[in-house]
Amino acid sequence: MADGISSFWGPVTSTIECCEKNYAYSSYIAEFYNTISNVPGILLALIGLVNALRQRFEKRFSVLHISNMILAIGSMLYHATLQHVQQQSDETPMVWEILLYMYILYSPDWHYRSTMPTFLFLYGAAFAVAHAFLRFGIGFKVHYVILCLLCIPRMYKYYIHTEDTAAKRIAKWYVATILVGSVCWFCDRVFCKRISQWPVNPQGHALWHVFMSFNSYCANTFLMFCRAQQRGWNPKRETER
């Protein structure tokens, strides 16, 4: 939320600001709550990375957890500075991460194994270059939503073919966190003027970060369970030990 203050990082150059007063607590952090709310994402991704390495999953899952950490760090830099370059360090990893999800979801049944990762890599690289020179605005959001929608059919297929109760519960938490988080994000964006008049700002965008941290952890855990089943590891028995 712009307030005309020019602080350590200089004037705001990002194309998006959230409903939080700039530099309210520190001259080095533009949006305090939106910055620190990314910490759960880093911690949960670290836990997921340790589990993936300990259980010897393919490298793609380790990369997925690392990408979650990179995304959270990029988001921290963006909200701490509100600079356009740091905004790109938040938005570009978002696209890379969803491309990685697409690879993990669809690669087990992909007949030409080298074509899919090559195409996704080139697509991600092309987007990064284009995003470095162009300000997409609403186009970025539409593009990101389309990529997310492409993941839903496969995620649903995994869900209906999973019989384990605990795994299904994780998938349901995945859906619940993204729905609640989306409501927080929407209210922060649409009702900012009204919220700013309240005695206490609920920090909807910061809550979005927290819910999406758990959302990513649930998604990764569910996909690891499904992959363990595909490899015949009997993950249900492992959770019972």
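Reading the values: the criteria
Residues numbered from 1 in each chain as written. Predicted model: local features only at pLDDT ≥ 70, side-chain atom pairs only at ≥ 80, totals over all residues. Heavy atoms only, no water. UniProt positions renumbered as here; feature names shortened; annotations may be inferred. Helix = DSSP H or I, 4+ residues; strand = E, 2+ residues; numbered from the N terminus. Rg over C-alpha atoms; globule rule 2.2 N^0.38 Å. Polar contact = N/O pair within 3.5 Å; in protein donor to acceptor, adjacent residues only side chain to side chain. Contact = heavy atoms within 4.5 Å. Core = buried A, V, L, I, M, F, W, Y, C linked by side-chain atoms within 4.5 Å. Buried < 20%, exposed > 50% of the residue type's maximum accessible area, 1.4 Å probe, protein only.

The name recorded for the protein chain in an unreviewed UniProt entry is Ceramidase, from Brassica rapa subsp. trilocularis. If you open the UniProt record of the protein chain and go to Subcellular location (unreviewed entry), you find "Membrane". According to the UniProt record, the Sequence similarities (unreviewed entry) comment for the protein chain reads "Belongs to the alkaline ceramidase family."

## A look at the overall build of the protein chain
A tally of regular secondary structure across the protein chain gives 10 helices and 0 strands. Along the protein chain, helices (α) and strands (β) appear in the sequence α-α-α-α-α-α-α-α-α-α when read from the amino end. Relative to the compact-globule value of 18 Å for 241 residues, the protein chain shows a C-alpha radius of gyration of 19 Å, a close match. Along the first, second and third principal axes, the C-alpha set of the protein chain runs to 60 × 40 × 30 Å.

## Quick notes on the side chain of Gln87
Mapped onto the elements of the fold, Gln87 is located in helix H4 (residues 84–106). Engagement of the side chain of Gln87 in a polar contact is seen with the side chain of Thr15, the distance being 2.7 Å. Not counting residues up to four positions away in its chain, the partners in contact with Gln87 are Ser14, Thr15, Ile16 and Tyr78.

## A look at the UniProt feature "transmembrane region" (unreviewed entry) in the protein chain
Following the UniProt record, one finds the feature "transmembrane region" (unreviewed entry) at residues 32–50, 62–82, 171–191 and 206–226. Structurally, residues 171–191 is divided into 95% helix and 0% strand, and its ends, taken at the C-alpha atoms, are 30 Å apart. Counted over residues 206–226, helix gives 100% and strand 0%. Its end C-alpha atoms are 30 Å apart.

## Some thoughts on the nonpolar core
Counting 32 residues, the largest nonpolar core has Phe61, Tyr101, Phe222 and Leu223 as the members making the most contacts within it. Elements with a minimum of two residues in this core: helix H3 (59–81), H4, helix H5 (115–133), helix H6 (138–160), helix H7 (165–190) and helix H9 (204–230). Among the elements that line this core, the one with the most residues is H4, at 9 residues. Setting aside its immediate chain neighbours within four residues, Phe222 contacts Met155, Tyr158, Tyr159, Thr162, Ala167, Ile170 and Ala171. One finds Ile16, Tyr23, Tyr78 and Leu82 within the second-largest nonpolar core, a separate group that totals 5 residues.

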